[in-house]
Amino acid sequence: MKRVEQGVTRPAPVAVELDGAPVMAHPGETVAVAVLSTAPRFRDDRSGQARGMFCNMGTCSECTVWVARGDAPWRRLRGCLVPVEPGLRIRTERPEA
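Asker: What am I meant to see in the pattern of salt bridges here?
Answerer: Where charged atoms from two side chains of opposite charge come close, those side chains can pair. By the definition in use, this model includes 6 salt bridges. In this structure, the salt-bridge partner of D44 is R41, at a minimum N-O distance of 3.2 Å. Owing to a relative accessible area of 37%, D44 belongs among the partly exposed residues under this scheme. Within the structure, one salt-bridge network assembled from shared partners comprises R41, D44 and E93.

In structure tokens form, the structure reads like this:
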């Protein structure tokens, strides 16, 4: 999946961390968009199959990721409801303490 680029004006991108790697995301985008811009999966189900986003409105919880702001503890949140912000840390797998 790619971002729409042609004919679109956006604010300057900000850096977030996704599974330990830097990712650039635009203010106004959600964590789900940042994840999908780099990988077509959010997590694996119990059988090891990749899971993606389903409803994109916060109902299904298929896009749950672990999010931390600064030194705050990790929280499991629905990525489609969380806006990106500079320095946000995101994990698709449960982070180690």
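Asker: How should the nonpolar core be read in this particular structure?
Answerer: Within soluble globular proteins, side chains that are nonpolar generally end up buried alongside one another. Grouped together as the largest cluster of nonpolar side chains are 20 residues, with contacts concentrated most on V31, V35, F42, V65, V84 and I90. Going through the elements one at a time, β1 (14-18), β2 (21-25), α1 (31-38), β5 (64-69) and β7 (88-91) are the ones with two or more residues in this core. Once residues within four sequence positions are removed from consideration, I90 is found in contact with V16, E17, L18, D19, V31, V35, V65, W66 and W74.

Asker: Honestly, the environment of V67 in this entry has me stumped. Any pointers?
Answerer: With respect to the helices and strands, the residue V67 is situated in strand β5. Sequence separation of V67 and T92 is 25 residues, and the distance between their C-alpha atoms is 9.0 Å. When sequence neighbours within four positions are dropped, the list of residues in contact with V67 reads P73, W74, R75, L77, L88 and R89.

Asker: Any chance you could explain unusual backbone geometry here in plain terms?
Answerer: The phi torsion at D19 lies on the positive side, around 50°, for a residue other than glycine. Positionally, D19 belongs in the loop between β1 and β2. Under the relative-accessibility criterion, D19 is labelled partly exposed at 41%. At S61, a position not held by glycine, the phi torsion is positive, near 70°. Note that S61 resides in the loop between β4 (50-51) and β5.

Here is what the cut-offs are and how they apply
- Residues numbered from 1 in each chain as written.
- Predicted model: local features only at pLDDT ≥ 70, side-chain atom pairs only at ≥ 80, totals over all residues.
- Heavy atoms only, no water.
- Salt bridge = Lys/Arg side-chain N within 4 Å of Asp/Glu carboxyl O.
- Buried < 20%, exposed > 50% of the residue type's maximum accessible area, 1.4 Å probe, protein only.
- Core = buried A, V, L, I, M, F, W, Y, C linked by side-chain atoms within 4.5 Å.
- Helix = DSSP H or I, 4+ residues; strand = E, 2+ residues; numbered from the N terminus.
- Contact = heavy atoms within 4.5 Å.

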